[in-house]
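Listed below are the residues making up each chain.
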6 protein chains.
Amino acid sequence: MMVRVILQNLTWQEVDALSREIVVVIPTGAVEQHGTHLPLVTDSLIAGRIAEEAEKRHSKDVLLTPCLWLGASAHHLGYSGTLSADFPTYQGAIKSVIESLVPHGFRKFVVVNGHGGNIDPIGVALRELKHTREELLLCNFCYFLQIQEQLAAILDGPDKGMHHADEAEASLVLHLSPQLVKKDKLRDDGLKPPVAGMVHNFKELSEEGSIGYASLATAEKGIRIFEAAVSALETTILALASGYRLTAYPAK
Amino acid sequence: MMVRVILQNLTWQEVDALSREIVVVIPTGAVEQHGTHLPLVTDSLIAGRIAEEAEKRHSKDVLLTPCLWLGASAHHLGYSGTLSADFPTYQGAIKSVIESLVPHGFRKFVVVNGHGGNIDPIGVALRELKHTREELLLCNFCYFLQIQEQLAAILDGPDKGMHHADEAEASLVLHLSPQLVKKDKLRDDGLKPPVAGMVHNFKELSEEGSIGYASLATAEKGIRIFEAAVSALETTILALASGYRLTAYPAK
Amino acid sequence: MMVRVILQNLTWQEVDALSREIVVVIPTGAVEQHGTHLPLVTDSLIAGRIAEEAEKRHSKDVLLTPCLWLGASAHHLGYSGTLSADFPTYQGAIKSVIESLVPHGFRKFVVVNGHGGNIDPIGVALRELKHTREELLLCNFCYFLQIQEQLAAILDGPDKGMHHADEAEASLVLHLSPQLVKKDKLRDDGLKPPVAGMVHNFKELSEEGSIGYASLATAEKGIRIFEAAVSALETTILALASGYRLTAYPAK
Amino acid sequence: MMVRVILQNLTWQEVDALSREIVVVIPTGAVEQHGTHLPLVTDSLIAGRIAEEAEKRHSKDVLLTPCLWLGASAHHLGYSGTLSADFPTYQGAIKSVIESLVPHGFRKFVVVNGHGGNIDPIGVALRELKHTREELLLCNFCYFLQIQEQLAAILDGPDKGMHHADEAEASLVLHLSPQLVKKDKLRDDGLKPPVAGMVHNFKELSEEGSIGYASLATAEKGIRIFEAAVSALETTILALASGYRLTAYPAK
Amino acid sequence: MMVRVILQNLTWQEVDALSREIVVVIPTGAVEQHGTHLPLVTDSLIAGRIAEEAEKRHSKDVLLTPCLWLGASAHHLGYSGTLSADFPTYQGAIKSVIESLVPHGFRKFVVVNGHGGNIDPIGVALRELKHTREELLLCNFCYFLQIQEQLAAILDGPDKGMHHADEAEASLVLHLSPQLVKKDKLRDDGLKPPVAGMVHNFKELSEEGSIGYASLATAEKGIRIFEAAVSALETTILALASGYRLTAYPAK
Amino acid sequence: MMVRVILQNLTWQEVDALSREIVVVIPTGAVEQHGTHLPLVTDSLIAGRIAEEAEKRHSKDVLLTPCLWLGASAHHLGYSGTLSADFPTYQGAIKSVIESLVPHGFRKFVVVNGHGGNIDPIGVALRELKHTREELLLCNFCYFLQIQEQLAAILDGPDKGMHHADEAEASLVLHLSPQLVKKDKLRDDGLKPPVAGMVHNFKELSEEGSIGYASLATAEKGIRIFEAAVSALETTILALASGYRLTAYPAK
């Protein structure tokens, strides 16, 4: 009896036997610097674990692919060890995974993303797919954009959004893989642009590679953020798995 | 005496005489369907006029290029008359304008965008530029993302964000070019996805091509939204023109 | 009652109501240096105004798009203010406009071009389209190639062809937008290659950016050249609008 | 004290502290059908484990990246669940990983490949890199091409080479991840082209997706093949880590 | 003693010993249908032989490459046997030959072209090269554009220009390779578009594949056309080999 | 009566009259340095002559195209006179030739290759074609990989494989075009990497540009190698021309 639906562990016959209403969940992140305290794998670890947990809870409705860990991280290349795909390569990877599975009959896809720098290119990739394959259901699921209110409620620092290697991200890694956190190096750091919309290389924002209030991170906050993110993903999966329905705007 | 700094009207010698601290302002929008009530040019009209007004108020600090009106609008191609560049072409246009001017010594650029579908590809384009030309100051200025709070205060409909051909956009066109509005066709319309992050072709969201509460649009709201947008752009221009400075996060 | 057929000002429903025998007219030019006397917009101004005038005279047969003003002008990048698209971007823009409209049912397209440097890439772009869409009627209409005999009759200088910022071009701008001409800077200038077919960057041909006998330019010549160009475009539009017919070569 | 040198688990400061004589080992495979008996992950599992084992034995000389599991597998797309990158994307991923690390000072790279279909595009990618970065040491290490003699000695079936999901590959998975093998489905299968050099989609060669004599597979053979492959990789790593030296051909 | 300078027959040391003032001559044509009477190789045969003859007469000043016979011939693909490169490939080939030789110190290049369909993409390719390598001398030498006056004087048919498989081209093949001409099939044929600038696939212009008055072709005319073309190429080569000089326009 | 089937010499009507079971043979090589003793054309000469000889022996079954002489030779660009296509261009040329002929009804293609550096990109190109055109029979026929046993038997030097400008290649040119061999410069040369799979620029392996034991080359060996290669090609052609059949693996 097959209980988990982790694509890489299946044979092609097992995949072939799955329902085509199943939701393909594609985690993606980055291998890029995360300050002095967090490992390079941070974004992929978080996205991968969120996706895995959702699959575990809803195996009947989820086909989980491996994590596309090579993200669009050029703005972090100023720090040793950061790996970055150029945009056409990153977009090509997202599209290739989906385009591989469409001829097999799958048509519902959620890209579970853990890296801010991937949002734009995932958007471009999914829109290119949607343009020619109208029948697909495609979701650009960036976990921290899905839980902004919860994040604001959980965080203690003066900045309530998600930032690179900050209170929120450090809390998540403290929860998911505490042995990879340099606890003695958790630090508050970073500069802000004076106006919105500016495009920066990260070295301009922080010599050490982090922003925000990582010193406030705790595993307990990590648990709460993780649970919020998994929960948002569960909602998304269930919406797609069963009769995805658009609704009218409320009457004025 | 030259009072306006509109690139297309200048000779190369006049451009050559400008200060290299000047901020190049590049309006961009779309020529795409905007429901039954607004003209195809809507997004380009709005972005172009915001940019023009800012140039008029700060000619000393602004070099205004023509509007890149051919946007990334594939999701609107289901409606006659929509023109859309594929993503590499749209990104290539953004990059080409900037890459042309960099060897002439300019290094500060604000892309003033009026079309939601352009946000992702402008992001990709500017990040590609920043990766190899660290010295540039680049801003992905999408007017309605810059004035979300003001928008919420101005709009009367139950939905406070900016949507396609809605109360906010119709108000702007009523202000900027009222003769192009089919006033008898202003309508409330549109469907919402059940979860965030979904990628849709617009025909899935509205047969007629609009979303939100256009019937509530007025020229007077248009004036207020326009002024808010111009004001945000002025702030951005001034921040870049004079000693752009990053600041530390507040103490916790 | 709609009298003008300017795509950007229409709603999608108005475009949808048009005859599919209509000829889509796409003006294109450049924003590039034009010597010390003419504005950067020269080529786009001329192409745009020729196209507009033809539309005004034949609104029933013409659907006019906005001007693709960003041309292939790399050979002029040696002068400040020149904007140039790389070739794939420029070709992509031409193709995108046409490929957007073909699914809407339009199939007759005339690219009205005012910039010599665009001739080759328009040729490549239109041939790529024609290769896969045989049913299209596509015309690479470069206004000065269409009126070579008339030009030779109108010009007074020893050189009878069209050159960059010369007698002919300066006359056109004196007619179309005299306030943009630096009349005190009209100059004769430029060097010739010793053999035909050479590819030059413009700085090799003229330090100031012009070739030929601009000092002979007059608005009156501009009127005559403009009229010749509009007239050639009218002929082309009418040939496409109504039963485009190929004819046999004359008997020998 | 850091004992293992697994890039994803390090901080950027830890990577920055490494010797630049270290050999970057990049495992790559595929997620593609492997007959009725082996999991989709087969090639990535094998390449990843070979690389990991070598890293474990020579941590001082190896920096191990995550496995590029999305291979060039278009010829297996006829079977459900196969994921394939197009060639530019796959080559882009290989190049991106290396191009990310070169500016950090690393210059020795071994791509440890477990999938036959990746050999050509890795070759192209590495040659493109070598063309512009002559100082790099680059190795296209396909494990089964490195141990052809040992394979022939270990295998019992009439065919001594490595084939898809055959005796050799099934033996390796029986050793590395026996719970992923459908032991009751191990089968002998496959067709051969009449001449060498033919390019086939896999469905032409086997309806079930395997070739060769998988029924002869044993975990014990898997151990021997694995050890031979790790040993070849160790030799390669040591050759690059310490004074890579070319030698003359023997006297005739 | 080396008397001929045919690149393919030399060793690298012989190439290395050449003067860098030498003019690299690159013939290019097509392998495409040429009506019922001429062979597919027509354009490459003519361009190749013109280039060869010029090399023979000026070996000291010419380095002759092999003929790039795969042209941009998509508009002839409606006829069996036509081979066509897509535009990026054709342009890539032109650029690759030149970019290979520039680092070896050569900087003067003449592309001797025999196919009308190659003119645009050669133009694009050479301009892309010139943009980044200003020091190069590059000539887009299309033989029949260089000898328009002579052609008009030589031809007897009512049409004086060069057309596909016509009086001029058939005369050239009758001179250069008479055994490849189907003399009994020489025919007058073809249709004309009603206006200039139209882009056609050739099947629209002629079912049989030729245009003009091939029945008037003679080897004697072929000799005269060939001599005119070689002579134009000699002039070009000599202008480039020795102190290429630009000259002022004549006084008005 | 047509006895030879050399595509370039035929008219389109003659190609159209051919059987679609015919095998299209596409020779390809390089124009790249071959040491001090062999001409740049070596690889193209050999591949072209092998293909020609096979066509001569089996004209009924072969349609021979011209030789794609511009190969993927970037690793030889360190020597004057080497011409190299970038990979997309080279792959584009291979694909363009085949894609031109497929709509004409041909579906059997053998690429006869004489240059080691082309193997990978031909592999990529043919696999891209096969992915979308399953019905094609495609062979990546590299002559020296097809005759490894015969080569080992013929060669006298201690190294039995094929190397650049070595005993085998020099013997072939001594047979096929002896006047192009600098007999006084035949030399033994070259260095070996310490491990397999390394990617080198050729200058790292040999200052003079050759590897192996060219001093042992004789025209007589050249005859034998040539005959072995032609014979292998004949076998391939016949297998494709007449009912290409896959066979089962032998029983164990």
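The rules behind these values
Residues numbered from 1 in each chain as written. Chains lettered and ligands numbered in written order. Predicted model: local features only at pLDDT ≥ 70, side-chain atom pairs only at ≥ 80, totals over all residues. Heavy atoms only, no water. pLDDT = per-residue confidence, 0-100. Axes fitted to C-alpha atoms, helices over the stretch in contact; angles between N-to-C directions. Helix = DSSP H or I, 4+ residues; strand = E, 2+ residues; numbered from the N terminus. Parallel < 35°, antiparallel > 145°, perpendicular 65-115°, else oblique. Left-handed = near helix turned anticlockwise from the far one by under 90°. Contact = heavy atoms within 4.5 Å. Nonpolar A, V, L, I, M, F, W, Y, C, P; charged D, E, K, R; others polar. Pairing = 2+ DSSP bridges. Buried area = accessible area lost by both parts, 1.4 Å probe. Salt bridge = Lys/Arg side-chain N within 4 Å of Asp/Glu carboxyl O. Polar contact = N/O pair within 3.5 Å; in protein donor to acceptor, adjacent residues only side chain to side chain. Expected span 1.5 Å × (residues − 1). Buried < 20%, exposed > 50% of the residue type's maximum accessible area, 1.4 Å probe, protein only. Least-squares fit on C-alpha atoms with pLDDT ≥ 70 in both. Right-handed = clockwise from strand over helix to strand, strands pointing away.

Q: Explain the confidence of the model for chain A to me, please; I cannot follow it from the model alone.
A: Detailed reading of the predicted model is not advised wherever pLDDT is low. Confidence in the prediction of chain A, expressed as mean pLDDT, is 96, and 99% of residues score 70 or more. Scored by ipTM, the complex comes to 0.97, with pTM at 0.98.

Q: Would you mind showing me how to read the packing of helix H2 (residues 42-57) of chain F against helix H9 (residues 219-241) of chain F here?
A: Axis angle and axis distance: for two packed helices, these are the angle between their axes and the distance between the axes, and together they describe the pair. Residue and element names in this part refer to chain F. The interhelical angle for the contact between H2 and H9, taken along N-to-C directions, is 55°, at an axis separation of 9 Å. Taken together, the axis directions place H2 and H9 in an arrangement best described as oblique. Judged by the sense of rotation from one axis to the other, the crossing of H2 with H9 is right-handed. Residue-level contacts link Arg 49, Ile 50, Ala 51, Glu 53, Ala 54 and Arg 57 of H2 to Phe 226, Glu 227, Ala 229, Val 230, Leu 233, Glu 234 and Ile 237 of H9. Class assignment of the residues belonging to the contact of H2 with H9 gives a composition of eight nonpolar, no polar and five charged.

Q: Any chance you could explain the sheet that holds strand E3 (residues 108-113) of chain F here in plain terms?
A: Within a beta sheet, neighbouring strands are joined by backbone hydrogen bonds and run either parallel or antiparallel to one another. All names here are of chain F. Overall, parallel pairing links the four strands, which are arranged E2-E1-E3-E4 in an open sheet. Either end of the sheet is taken by a strand with one partner, and the two such strands are strand E2 (62-64) and strand E4 (137-142). Across the sheet, the mean angle from the axis of one strand to that of its neighbour is 25°, orientation sign disregarded. Helix-sheet contacts for helix H4 (residues 119-132) involve strand E1 (23-28), E3 and E4, and the interaxial angle to E4 is about 175°.

Q: Would you mind going over the interface of chain B and chain A with me for this structure?
A: Often the size quoted for an interface is simply the accessible area lost on bringing the parts together. Each partner contributes to the interface: chain B provides 59 residues, whereas chain A provides 59 residues. Of the roughly 5,000 Å² buried between chain B and chain A, counting both surfaces, carbon and sulfur atoms make up 61%. On inspection of chain B and its partner chain A, the count reaches four salt bridges. Scanning the region where chain B abuts chain A turns up 24 residue pairs in polar contact (both at pLDDT 80 or more).

Q: I'm lost on the side chain of Asp166(B) in this one. Help?
A: All names here are of chain B. Checked against the element boundaries, Asp 166 lands in the loop between helix H6 (148-154) and helix H7 (167-176). Within the local environment of Asp 166, its side chain forms a polar contact with the backbone nitrogen of Ala 168, the two atoms lying 3.0 Å apart. Those residues in contact with Asp 166, other than ones at most four positions away along the chain, are Gly 161, Ser 171, Ile 211, Gly 212, Tyr 213 and Ala 214.

Q: Help me understand helix H3 (residues 87-101) of chain C in this model?
A: The periodicity of an α-helix, 3.6 residues per turn, causes residues three or four positions apart to be oriented the same way. Over its 15 residues, H3(C) extends 22 Å from the first C-alpha to the last, a length consistent with the 21 Å expected when each residue adds 1.5 Å. Taken across its 15 residues, H3(C) has 12 buried, putting it largely inside the fold. Every buried residue belonging to H3(C) is among Phe87(C), Thr89(C), Tyr90(C), Gln91(C), Gly92(C), Ala93(C), Ile94(C), Ser96(C), Val97(C), Ile98(C), Ser100(C) and Leu101(C), and all of these are buried. Taken together, the buried residues of H3(C) touch helix H3 (87-101) of chain B, strand E1 (23-28), strand E3 (108-113), helix H4 (119-132) and strand E4 (137-142) of chain C together with helix H4 (119-132) of chain E. Where H3(C) begins, the side chain of Asp86(C) points an oxygen toward the backbone nitrogen of Thr89(C), at a separation of 3.0 Å.

Q: Can you help me understand the sheet that holds strand E1 (residues 23-28) of chain B in this one?
A: All names here are of chain B. Spatial ordering of the open sheet is given by E2-E1-E3-E4, a layout of four strands whose pairing is parallel. Each of the sheet's edge strands pairs with one partner strand only, and the pair in question is strand E2 (62-64) and strand E4 (137-142). Averaged over neighbouring strand pairs, the angle between their axes works out to 25° when direction is ignored. As defined by bridge partners, E1 adjoins E2 across three bridges and the pair is classed as parallel. Note that in E2 the partner of Val 23 across the bridge is Val 62. Where H3 meets the sheet, its contacts fall on E1, strand E3 (108-113) and E4, and the angle it forms with E1 comes to roughly 160°.

Q: Honestly, the relation of the copies chain B and chain A in this entry has me stumped. Any pointers?
A: The relation between the two copies of this chain is a rotation about an axis and a shift parallel to it. When chain B is brought onto chain A, the operation consists of a screw motion whose angular component is 180° and whose axial shift is 0.0 Å, with 0.0 Å RMSD remaining. The symmetry that links the two subunits is that of a two-fold axis. Among all C-alpha atoms of chain B, that of Asp120(B) lies closest to the rotation axis, at 2.3 Å.

Q: Help me understand the relation of the copies chain E and chain F, please; the structure alone is not making it clear to me.
A: When chain E is fitted to chain F, the best match, at an RMSD of 0.0 Å, comes from turning it 180° and sliding it 0.0 Å along the axis. By residue overlap, the copies meet face to face through one surface: 100% of the interface positions of chain E are interface positions in chain F.

Q: I'm lost on H4(C) in this one. Help?
A: All names here are of chain C. Between its first and last C-alpha atoms H4 spans 21 Å; for 14 residues at 1.5 Å apiece the expected length is 20 Å, and the two agree. Along H4, 11 of the 14 residues are buried, which leaves the element largely enclosed by surrounding structure. Listed as buried for H4 are Ile 119, Asp 120, Pro 121, Ile 122, Gly 123, Val 124, Ala 125, Leu 126, Arg 127, Leu 129 and Lys 130.

Q: Would you take a moment to explain the pairing of E4(C) for this structure?
A: Strand residues, when the strand is regular, have side chains that alternate between the two faces of the sheet. All names here are of chain C. Most of E4 is tucked away: six of the six residues are buried. Of the pairings in the sheet, the one linking E3 to E4 comprises six bridges and is parallel in character. For Lys 108, the partnering residue across the bridge sits in E4 and is Leu 137. On the question of chirality, the crossover connecting E3 to the parallel E4 by way of H4 is right-handed.

Q: Explain the interface of chain E and chain F here, please?
A: Taken together, the contacts link 48 residues of chain E with 48 residues of chain F. Summed over both partners, the interface of chain E with chain F comes to about 3,800 Å²; 62% of that surface belongs to carbon and sulfur atoms. When the buried area of chain E at its contact with chain F is split by residue, Trp12(E), Trp69(E) and Ser80(E) rank highest and sum to 19% of it. For Glu14(F), the salt bridge goes to Lys182(E), with nearest N and O atoms at 2.6 Å. Counting every contact that joins chain E to chain F gives 28 residue pairs in polar contact (both at pLDDT 80 or more). Mapped by element, the contributors of at least two residues to the side of chain E that touches chain F are helix H1 (12-16) and helix H3 (87-101) of chain E. Broken down by element, the side of chain E that touches chain F gets its largest block of residues, eight residues, from H3(E). Its residues assigned to classes, the side of chain E that touches chain F comprises 23 nonpolar, 17 polar and eight charged.

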